[in-house]
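Here are the chains, one letter per residue:
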Amino acid sequence: MTKIAVLGYGTVGSGVAHVLDTNGAQVADSAHDEIEIKYILDLRDFPGDKHEAQVVHDIDIILNDPEVEVICETMGGIEPAFTFEKRALESGKSVCTSNKELVAAHGPELVELAEKNNVSYLFEASVGGGIPVLRSMNDSIRHEQLDSIRGILNGTTNYILTKMCQEGADFDSVLKVAQDKGYAERNPEADIEGHDACRKTAILASIMSGQFVKHEDIYTEGITKITGEDFEYAKTLGTSIKLLGSCERKNGKFFAMVAPFMVPADNALATVNGVFNAIDIHGNMLGDVMYYGKGAGKDATASAVVADVIDMVRHKGKHIDWNLRNVPATVESNDNAVRKFFVRCDASDKDNATKLFANLAEVKAEKVSGEFAFVTSEISEKEFADNYAKLSGAKGYLRML
């Protein structure tokens, strides 16, 4: 029997216990060993809970117990999670986590520390909830030359954009509904400003490149400026609006971005709605492969954590290698990236717009008046930004996929 500890008994931590309680036989069959929770670390007590007897309040009880071989960190945040994870690895215990903030900030360092101590550091649940994308990248398609990754990585923003599109509702009212349903936090900044998707993009980009892509180096825009009028134009253009995280390799250079895009209806990402996530990966031999599923939620995320536990139990005494090195990656500026843009401006600025953007194509929406909207020809990010700044009546823009 393998004994484990869970750090944090919130949504994901309690979910880990639930998965092990419910699917214990299947977990044991897959791991070739029974797995038992010996400790749960939390500041609170949980009287009446099935696992109340396992709850402790001192990390040293866990770290000093040689019976504990695997630790699941589901606390979230950087500290004290980072300190706890480091101490666990240094004491010869394998660690798995759902903590995307921590993995994005210190993942390569922790993988390196795990290797040094002949244990493992796994983090499948940090991207895409229960979607097994990271393990697949590191194992099943590691031999591929990955050219690009593009995906819907945040269920909260996808839910909001889906509701705005389907119901014609405004951003603020849909956000409140998302908060009431528990899809959005009381402080939703990390989701709606794109920070959560940025961290996940950084993790994907790091595994794709085999180096450390810092989330601070990724250009990021959120969805707070998107309006109902944007969706009216999107319908005219036969597109959906999605917040996408992307990274790609071109001519030996590495690019990454998080931003809202107009996605053509014939692209599979356009049909991903609600709280679901989808990640499209392109390999030079494989072509495109898409991973789809719930990107968050108690049981889905906990299932990914337990999958990591199983992997570590099956590889006791060995370090599970990751295509992730503690070597800084160079993320190129997006200034030279070329694409089309959708732009809205005051009707009075039409003549100025036609002078600034050559060969634009006007777009009209039945329910929108007093505006001049258009799609540019292919143009670099820098040239677009320079020209857009000269539009006195600019109302907004979106990139076209």
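Scroll up to find the structure.
The paragraphs below set out a description of the structure included in this document. Just so it is clear, the structure is predicted and the values come from calculations on it, not from any experiment. (Residues numbered from 1 in each chain as written. Predicted model: local features only at pLDDT ≥ 70, side-chain atom pairs only at ≥ 80, totals over all residues. Heavy atoms only, no water.)

1. Topic: the packing of helix α7 (residues 155-167) against helix α8 (residues 171-180)
Step number 1: At a minimum axis distance of 9 Å, the contact between α7 and α8 shows a crossing angle of 130°. One way to sum up the angle between α7 and α8 is to call them oblique. Considering only the axes of α7 and α8, their crossing is right-handed. In contact with Y159, I160, K163 and M164 of α7, α8 contributes F171, V174, L175, V177 and A178.
Step number 2: Considering only residue class, the contact of α7 with α8 consists of 8 nonpolar, no polar and 1 charged. (Axes fitted to C-alpha atoms, helices over the stretch in contact; angles between N-to-C directions. Helix = DSSP H or I, 4+ residues; strand = E, 2+ residues; numbered from the N terminus. Parallel < 35°, antiparallel > 145°, perpendicular 65-115°, else oblique. Left-handed = near helix turned anticlockwise from the far one by under 90°. Contact = heavy atoms within 4.5 Å. Nonpolar A, V, L, I, M, F, W, Y, C, P; charged D, E, K, R; others polar.)

2. Brief notes about the sheet that holds strand β4 (residues 68-73)
Step number 1: Taking strand neighbours across the sheet as the criterion, the 6 strands line up as β3-β2-β1-β4-β5-β6 in an open arrangement whose pairing is parallel. In this open sheet, the two edge strands, each paired with only one partner strand, are β3 (55-56) and β6 (121-122).
Step number 2: Pairing of β4 with strand β5 (residues 94-97), which is carried by 4 bridges, proceeds in the parallel orientation. Within β5, the position partnered with C72 by the bridge is C96. (Pairing = 2+ DSSP bridges.)

3. Thoughts on the environment of G210
Step number 1: With respect to the helices, strands and loops of the structure, G210 is situated in the loop between α10 (195-209) and β8 (219-220).
Step number 2: Residue classification places G210 among the buried residues on the basis of a relative accessible area of 8%.
Step number 3: G210 sits 143 residues away from E67 along the chain, and the two C-alpha atoms are 33 Å apart.
Step number 4: With sequence-adjacent residues up to four places away left out, G210 is seen in contact with N323, L324 and R325. (Buried < 20%, exposed > 50% of the residue type's maximum accessible area, 1.4 Å probe, protein only.)

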